[in-house]
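# Working through the structure, step by step
Given next are the chains, with one letter for each unit.
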Amino acid sequence: MEFCPECSSILTPQKNGEKKVLLCQSCGYTKPLTSKSEKKYRYGDKIDHIPEKEEVVVIDEEMLEQRTMPTVRAVCPKCGHKEAYYWQVQTRSGDEAMTTFYRCTNCSQTWREY
Ligand SMILES: [Zn+2]
Ligand SMILES: [Zn+2]
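### What about the packing of aromatic side chains?
Each aromatic ring pair is described using two quantities: the centre-to-centre distance and the angle formed by the ring planes. Within the structure shown, the criterion is met by two aromatic pairs. Considering the side-chain rings of Trp87 and Phe101, the 5.8 Å spacing of their centres and the 15° angle between planes classify their relative orientation as stacked. With Trp87 in strand β5 (residues 83-90) and Phe101 in strand β6 (residues 98-104), the pair connects residues that are 14 residues apart, well separated along the chain. On the basis of relative accessibility, which here comes to 5%, the residue Trp87 falls in the buried class.

Structure below.
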(Lines give C-alpha, C1' and ligand atoms only; values in the text may rest on other atoms or scores of the structure.)
(Ligands and ions follow the chains in the order given, each with its own letter.)
Protein backbone atom coordinates (compact mmCIF):
# COMPACT_ATOMS: atom_id res chain seq x y z
CA MET A 1 0.00 0.00 0.00
CA GLU A 2 1.32 3.40 -0.92
CA PHE A 3 0.07 6.78 0.10
CA CYS A 4 -0.10 10.05 -1.73
CA PRO A 5 2.68 12.39 -0.62
CA GLU A 6 0.38 15.33 -1.27
CA CYS A 7 -2.69 14.43 0.70
CA SER A 8 -2.03 10.96 2.22
CA SER A 9 -4.84 9.26 0.32
CA ILE A 10 -4.32 5.70 -0.82
CA LEU A 11 -2.76 5.50 -4.27
CA THR A 12 -4.54 3.19 -6.68
CA PRO A 13 -2.89 1.51 -9.67
CA GLN A 14 -4.07 2.82 -13.04
CA LYS A 15 -3.16 2.33 -16.65
CA ASN A 16 -2.14 5.54 -18.28
CA GLY A 17 -1.79 4.57 -21.93
CA GLU A 18 1.00 2.02 -21.98
CA LYS A 19 2.35 3.07 -18.67
CA LYS A 20 1.16 1.96 -15.31
CA VAL A 21 0.95 4.57 -12.65
CA LEU A 22 -0.26 4.99 -9.13
CA LEU A 23 -3.05 7.51 -9.02
CA CYS A 24 -4.35 9.50 -6.10
CA GLN A 25 -8.08 9.79 -6.57
CA SER A 26 -8.29 12.57 -4.09
CA CYS A 27 -5.92 15.14 -5.58
CA GLY A 28 -4.89 13.62 -8.91
CA TYR A 29 -1.29 13.01 -7.99
CA THR A 30 0.34 10.30 -10.10
CA LYS A 31 3.49 8.35 -9.57
CA PRO A 32 5.12 6.04 -12.13
CA LEU A 33 4.83 2.45 -11.07
CA THR A 34 8.07 0.54 -11.15
CA SER A 35 8.11 -3.14 -11.93
CA LYS A 36 9.23 -3.70 -8.39
CA SER A 37 6.27 -2.00 -6.78
CA GLU A 38 3.98 -3.26 -9.53
CA LYS A 39 4.04 -6.71 -8.04
CA LYS A 40 2.19 -5.42 -5.04
CA TYR A 41 -0.79 -4.47 -7.13
CA ARG A 42 -3.43 -6.32 -9.00
CA TYR A 43 -4.73 -5.04 -12.30
CA GLY A 44 -8.12 -5.34 -13.86
CA ASP A 45 -10.04 -3.21 -11.45
CA LYS A 46 -10.92 -0.42 -13.75
CA ILE A 47 -11.88 2.77 -12.11
CA ASP A 48 -14.61 4.48 -14.02
CA HIS A 49 -14.42 7.96 -12.75
CA ILE A 50 -12.06 10.18 -10.88
CA PRO A 51 -13.67 12.28 -8.22
CA GLU A 52 -13.32 15.99 -8.55
CA LYS A 53 -10.45 17.59 -6.83
CA GLU A 54 -11.32 18.46 -3.32
CA GLU A 55 -9.57 19.29 -0.12
CA VAL A 56 -10.35 16.06 1.62
CA VAL A 57 -7.78 13.89 3.26
CA VAL A 58 -8.63 10.23 3.16
CA ILE A 59 -6.79 7.89 5.40
CA ASP A 60 -6.62 4.19 5.75
CA GLU A 61 -9.01 3.30 8.53
CA GLU A 62 -7.31 -0.02 9.11
CA MET A 63 -4.00 1.64 9.53
CA LEU A 64 -5.48 3.91 12.15
CA GLU A 65 -7.07 1.11 14.05
CA GLN A 66 -3.95 -0.98 14.08
CA ARG A 67 -1.78 1.49 15.84
CA THR A 68 -2.14 3.76 18.75
CA MET A 69 -2.00 7.28 17.56
CA PRO A 70 -0.38 9.93 19.70
CA THR A 71 -2.53 12.92 20.44
CA VAL A 72 -1.61 16.55 20.49
CA ARG A 73 -3.28 19.83 21.27
CA ALA A 74 -4.65 21.06 17.98
CA VAL A 75 -7.83 22.91 17.22
CA CYS A 76 -10.15 21.07 14.87
CA PRO A 77 -11.16 23.30 11.93
CA LYS A 78 -14.54 21.62 11.82
CA CYS A 79 -15.80 21.33 15.38
CA GLY A 80 -13.29 23.35 17.37
CA HIS A 81 -12.26 20.40 19.52
CA LYS A 82 -8.80 20.93 20.97
CA GLU A 83 -7.29 17.48 20.78
CA ALA A 84 -6.27 15.54 17.70
CA TYR A 85 -4.33 12.46 16.74
CA TYR A 86 -1.32 13.23 14.63
CA TRP A 87 1.09 11.38 12.39
CA GLN A 88 3.73 12.26 9.90
CA VAL A 89 4.14 11.29 6.29
CA GLN A 90 7.36 11.49 4.37
CA THR A 91 6.94 13.47 1.20
CA ARG A 92 8.18 12.17 -2.14
CA SER A 93 11.75 13.25 -1.66
CA GLY A 94 13.60 11.94 1.34
CA ASP A 95 15.20 15.33 1.72
CA GLU A 96 11.94 17.08 2.28
CA ALA A 97 10.47 17.63 5.68
CA MET A 98 7.79 15.38 7.05
CA THR A 99 4.22 16.53 6.61
CA THR A 100 2.14 16.38 9.75
CA PHE A 101 -1.47 15.27 9.61
CA TYR A 102 -4.07 15.70 12.31
CA ARG A 103 -7.28 13.87 13.01
CA CYS A 104 -9.81 15.24 15.45
CA THR A 105 -10.47 12.88 18.36
CA ASN A 106 -14.02 14.17 18.51
CA CYS A 107 -15.37 14.26 14.96
CA SER A 108 -12.60 12.49 12.99
CA GLN A 109 -12.03 15.50 10.78
CA THR A 110 -8.58 15.11 9.23
CA TRP A 111 -6.34 17.90 8.07
CA ARG A 112 -2.72 18.58 7.38
CA GLU A 113 -0.37 21.12 8.74
CA TYR A 114 0.54 23.80 6.25
ZN1 LIG B 1 -3.42 12.99 -3.16
ZN1 LIG C 1 -13.55 17.93 15.20
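Picking up after the structure, the text goes on.
### A short note on the sheet that holds strand β7 (residues 110-112)
With antiparallel pairing, four strands are arranged side by side in an open sheet as β4-β5-β6-β7. Both outer strands of the open sheet, β4 (71-73) and β7, are each paired with one neighbouring strand and no more. Neighbour-to-neighbour, the strand axes of the sheet open up by a mean angle of 40°, direction not taken into account. The sheet contact formed by β4 and β5 spans three bridges and is antiparallel. Paired with Val72 across the strands is Ala84, a residue of β5.

Reading the values: rules and limits
Residues numbered from 1 in each chain as written. Chains lettered and ligands numbered in written order. Predicted model: local features only at pLDDT ≥ 70, side-chain atom pairs only at ≥ 80, totals over all residues. Heavy atoms only, no water. Phe/Tyr/Trp six-rings, centres within 6.5 Å; stacked < 30°, edge-to-face > 60°. Helix = DSSP H or I, 4+ residues; strand = E, 2+ residues; numbered from the N terminus. Buried < 20%, exposed > 50% of the residue type's maximum accessible area, 1.4 Å probe, protein only. Pairing = 2+ DSSP bridges. Axes fitted to C-alpha atoms, helices over the stretch in contact; angles between N-to-C directions.

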